[in-house]
Amino acid sequence: MDTMKQILAKAIRLADQVIKSAKDVACFKDECYNIKSYAQKLAALLRDMCARTRSEFYERPVHRVINETERVLDNALSVVLKCCNNSFIKRVLVIIPAAEFRKVSSQLESCVGDVSWLVGILFMAGENLMLPPIAANDPILAWIWGYISMLYHCSPDDRHNAVNELLSLSRDSYRNNKLIVHEGGVVPLLKLLKEGRIEDQVIAAKTIGTLGCDSETTQLIIDAGVSLVFAKILKEGAMEVQAEVAWAISQLVAKYPQCGDIFAQHNIIRLLVEHLAFETDHVQNVVVINKATSVLALVMAKTRLDMRKAIDECNDDKPYRIPCPHQPNSSLAVTSFKGGDLEDPNVKSRIKGMVARALHQLAKSDSSICCSIAESRAMTSFVVLLEEGTEDVQHSSAMALMEITAVAEEDTVLRRSAFRPSSPACKAVVDQLVKVVERQSTHLLIPCVKAIGNLARTFRVTETRIIAPLVELLYRNEAKFSEDPPRSKFIGNTRLRGSFTRLIRRLGETEAEICREALMALRKFACHNHLQIEHSQAIVDVGGVAPIIQLVDSGDEMVQIPALILLCNIALHVPNGEGLVRAYNLIEWASKQGDLTQNEMLQTLIPEAKGRLEIYHTCD
């Protein structure tokens, strides 16, 4: 970092040379006198800046303005020196247009305005936020420079106003985000996040999260040292600040997934898990009390007991602090959640939601991070939050479980270590996912259904309870039926046919998506699964064939092909199953539909399924 004197030294020297040379001019004396007056003003302003210099200041606009000033002074010196020739012949031969003097004078006047503005933003507490000539074509740049400069040296109230303005600008456009980052706004924001008042820290965290609009800006934010500051806040900061930091982490990782590894290196994953487990970490001991008892029931019962105990102890004016076991850093257990039991419940709920959201983003396609999360207390914490959290917390928890199970589906090591059927934590997660699907909570259904489908390879043949809730989703919203007829005429049960067709014709986009995800989850049980025959039989046994047939017959683009793929897989594995007589006729009909046979998967499945069914059934 250059000192102010180093930055200004050349400009002051050039200004002095212009002043000195202007005294010796032999021609164009009036014009040179005008140039000299501007150079004197510049020299005075530049020396004033040197006199007021601080050890820490905002360099970016200083370099831009002083570099332009040096260029203009150098040009002015060149013009003045041309007028210093005493030789009559040289004066005759040297031609300087009047426009050249006007141009130099105009540029010097602009430099005086730029340097005056610079003095204002650096030393006058942001009182001089007028538009400088150097930013006449880009006023946003001048505002950003002014607000960033205020973060360096102004009063707390001025800093509060400045960070609010930067947050507002960052929300306006991606270009503003890039300008703030490229103009060095991240470093003072991080300093404010570490040292500012709580309300300023909250806004600074929001601003940093908003600035990460793409991979480039996010990488610059990471390079500025955001990981160290975030780790410090998650250890020692106020809970409302920690919530915003967790949100900022989720934003940065969403725009640039590669930064997840950097956050992991600074123990941010562990810190987030600790926040998630706060006041839910008793689950670790609960889930192994009695394996014959419902894990989820034990979790919920213990939660209610601990909450009642907390209330009783608070009523007795006794401090109550839930311990954080298994904490590698003993000081972290104290500082991370200091006073957490006294926090506003809304703040506690928000930090849970933001932490779950951050873990959701961090888990995307990252096996090592998923392993860290899955083998920690986070999984059982997600169980409690899915049951007891607010709607936002529940959704973030469900999304995190969806991402972790999606990675586990492809990663055999993670699947076998974290999602063993005998694992109490895995049992708790599956129990809660099934419970959500049985309750058919619309805002949670899609991630929970996907999570169940991702775990299809982990279930034993005895886990038939998983299939029925998924099949039940195919019957959703029967009150929304329409009167449209089905496309094919082979189904004999007119009432059933009409019911399911009316369902799909009036199905909203969300309902259709839920139905499609249920079909895709069931397909993971019936295809590429070592228990695919047993699971296919379970789908038949719970009456899953009839709704699948109706979904194929509906003609709805979102669900028709997934339903037909599932039906073909069931037909391949249990061709003599109940209800598959009608499936044979439907598959034969589908084989003649060009829009269906164009699907690459169906091009192979339809002939195979039709051939298997022909062995057991004949066409009516």
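Residues numbered from 1 in each chain as written. Predicted model: local features only at pLDDT ≥ 70, side-chain atom pairs only at ≥ 80, totals over all residues. Heavy atoms only, no water.

1. A few points about the overall build of the protein
Next, step 1: The helix and strand tally for the protein stands at 34 helices and zero strands.
Next, step 2: The buried share of the protein, reckoned over its 620 residues, is 55%.
Next, step 3: In the protein, the proportion of contacts linking residues at least 24 apart, taken out of those at least 6 apart, comes to 74%.
Next, step 4: Surface exposure of the protein reaches about 27,200 Å², of which carbon and sulfur atoms provide 50%. (Helix = DSSP H or I, 4+ residues; strand = E, 2+ residues; numbered from the N terminus. Buried < 20%, exposed > 50% of the residue type's maximum accessible area, 1.4 Å probe, protein only. Contact = heavy atoms within 4.5 Å. Areas by Shrake-Rupley, 256 points an atom, 1.4 Å probe, with all protein chains shown as cover.)

2. Focus: the packing of helix α7 (residues 156-172) against helix α8 (residues 174-182)
Two quantities define a packed helix pair, namely the angle between the helix axes and the distance between the axes.
Next, step 1: At a closest axis distance of 5 Å, the pairing of α7 and α8 adopts a crossing angle of 130 degrees. The orientation of α7 relative to α8 falls into the category oblique. Along the contact surface, α7 presents Leu 166, Leu 169, Ser 170, Arg 171 and Asp 172, while α8 presents Asn 176, Asn 177 and Ile 180.
Next, step 2: Taken together, the residues of the contact of α7 with α8 break down into three nonpolar, three polar and two charged. (Axes fitted to C-alpha atoms, helices over the stretch in contact; angles between N-to-C directions. Parallel < 35°, antiparallel > 145°, perpendicular 65-115°, else oblique. Nonpolar A, V, L, I, M, F, W, Y, C, P; charged D, E, K, R; others polar.)

3. Points about the packing of aromatic side chains
Next, step 1: Applying the stated criterion across every chain, the model contains four aromatic pairs.
Next, step 2: Arranged with centres 6.3 Å apart and planes meeting at 25 degrees, the rings of Phe 230 and Phe 263 form a pair that is stacked. One end of the pair, Phe 230, is in helix α12 (residues 226-236); the other, Phe 263, is in helix α14 (residues 259-265), with 33 residues separating them in the sequence. No difference in accessibility class separates Phe 230 from Phe 263, as the two residues are buried. (Phe/Tyr/Trp six-rings, centres within 6.5 Å; stacked < 30°, edge-to-face > 60°.)

4. Brief notes about the nonpolar core
Next, step 1: Formed by 200 residues in total, the largest nonpolar core has its most connected members in Met 49, Leu 193, Phe 230, Ile 249, Phe 263, Leu 272 and Phe 382.
Next, step 2: Tallying contributions element by element places helix α5 (residues 98-123) first for this core, with 12 residues.
Next, step 3: The contact partners of Leu 272, leaving out residues within four places of it in the chain, are Leu 234, Ala 246, Ile 249, Val 355, Ala 358, Leu 359 and Leu 362. (Core = buried A, V, L, I, M, F, W, Y, C linked by side-chain atoms within 4.5 Å.)

5. Description of the layout of surface pockets
To find leftover empty space, one rolls a probe the size of a water molecule over the atoms.
Next, step 1: By volume, the second largest pocket is sized at about 310 Å³.
Next, step 2: In terms of lining residues, the second largest pocket is bounded by 17 residues, among which Tyr 58, Tyr 152, Glu 183, Gly 184 and Val 187 are the most central.
Next, step 3: Elements with a minimum of two residues in the lining of the second largest pocket: α3 (59-82), α8, α9 (186-195) and α11 (215-223).
Next, step 4: Of the residues assigned to the lining of the second largest pocket, the class counts are 10 nonpolar, three polar and four charged.
Next, step 5: Each of domain 1 (3-135) and domain 2 (152-266) accounts for three or more of the residues forming the lining of the second largest pocket. (1 Å grid on protein atoms, 1.4 Å probe; cavity = no way out; pocket = protein on both sides within 12 Å on 5 of 7 lines; lining within 4 Å. Points joined across faces, edges and corners; volume = space filled by probe spheres on them. Domains from an automatic or database assignment.)

6. Points about the pattern of salt bridges
Next, step 1: Throughout the structure, instances matching the rule amount to 21 salt bridges.
Next, step 2: For Asp 16, the salt bridge goes to Arg 47, with nearest N and O atoms at 2.6 Å. With Asp 16 in helix α1 (residues 4-22) and Arg 47 in helix α2 (residues 29-51), this residue pair connects regions lying 31 residues apart in the sequence.
Next, step 3: With a relative accessible area of 29%, Asp 16 lands in the partly exposed category.
Next, step 4: Measuring nitrogen to oxygen at the nearest pair gives 3.5 Å for the salt bridge that ties Glu 517 to Arg 516.
Next, step 5: Note on Arg 516: relative accessible area 24%, which makes it partly exposed. (Salt bridge = Lys/Arg side-chain N within 4 Å of Asp/Glu carboxyl O.)

7. Re the environment of Asn 569
Next, step 1: Relative to the assigned elements, Asn 569 resides in helix α31 (residues 557-573).
Next, step 2: Taking relative accessible area as the criterion, Asn 569 reaches 3% and is therefore assigned buried.
Next, step 3: With sequence-adjacent residues up to four places away left out, Asn 569 is seen in contact with Arg 523, Ala 526, Cys 527, Ser 536 and Leu 605.

8. What about helix α24 (residues 424-439)?
Next, step 1: Taking 1.5 Å per residue as the helical rise, α24 with its 16 residues ought to reach 22 Å, and the 22 Å between its terminal C-alpha atoms agrees with that figure.
Next, step 2: Among all positions of α24, only Pro 424, Cys 426, Ala 428, Val 429, Val 430, Asp 431, Gln 432, Leu 433, Val 434, Val 436 and Val 437 are buried.
Next, step 3: Among the residues trailing α24, Gln 440 stands out with phi positive, at a value near 55 degrees. (Expected span 1.5 Å × (residues − 1).)

9. Overview of helix α29 (residues 532-541)
Next, step 1: His 535, Ser 536, Ala 538, Ile 539 and Val 540 are the residues of α29 that are buried.
Next, step 2: Of the residues trailing α29, Gly 543 is marked for its positive phi of about 80 degrees.

10. Examining the confidence of the model for the protein
Next, step 1: On average, residues of the protein carry a pLDDT of 81, and 81% of them reach 70 or more.
Next, step 2: Element-level mean pLDDT values for the protein span from 35 in helix α18 (residues 330-335) up to 96 in helix α10 (residues 198-211).
Next, step 3: Under a pLDDT of 50 for its full length, residues 283-301 has, in the predicted model, 30 contacts with residues more than four places off or in other chains.
Next, step 4: Every residue in residues 477-507 scores below 50 in pLDDT, and together they form 65 contacts with partners more than four places removed in sequence or on other chains. (pLDDT = per-residue confidence, 0-100.)

11. Some remarks on the side chain of Glu 403
Next, step 1: Locating Glu 403 in the fold gives a position in helix α22 (residues 391-410).
Next, step 2: For the buried Glu 403, no salt bridge is present, and the opposite-charge side chain at shortest range is Lys 364, 4.7 Å distant.
Next, step 3: Excluding residues within four positions of it along the chain, Glu 403 makes contact with His 360, Ala 363, Lys 364 and Cys 370. (Lys, Arg positive; Asp, Glu negative; His and termini not counted.)

12. With respect to the packing of α2 against α5
Next, step 1: Relative to each other, α2 and α5 sit at 15 degrees, their axes nearing to 10 Å. Between α2 and α5, the interaxial angle falls into the category roughly parallel. Crossing hand, α2 versus α5: left-handed. (Left-handed = near helix turned anticlockwise from the far one by under 90°.)

13. Things to note about unusual backbone geometry
Next, step 1: In this structure, Asn 267 is a non-glycine residue whose phi angle is positive, near 65 degrees.
Next, step 2: Mapped onto the elements, Asn 267 comes out in the loop between α14 and α15 (268-277).
Next, step 3: With relative accessibility at 39%, the residue Asn 267 sits in the partly exposed group.
Next, step 4: The phi angle at His 528 is positive, at roughly 55 degrees, despite the residue not being glycine.

14. With respect to the side chain of Arg 415
Next, step 1: Tracing the backbone through its elements, the reader meets Arg 415 in helix α23 (residues 412-418).
Next, step 2: In contact with Arg 415, not counting residues within four places along its chain, are Ala 408, Glu 409, Glu 410, Arg 420, Arg 457 and Thr 458.

15. Topic: the environment of Cys 515
Next, step 1: With respect to the helices and strands, Cys 515 occurs in helix α28 (residues 509-526).
Next, step 2: Measuring from C-alpha to C-alpha, the distance between Cys 515 and Ala 563 comes to 9.4 Å, with 48 residues separating the pair along the chain.

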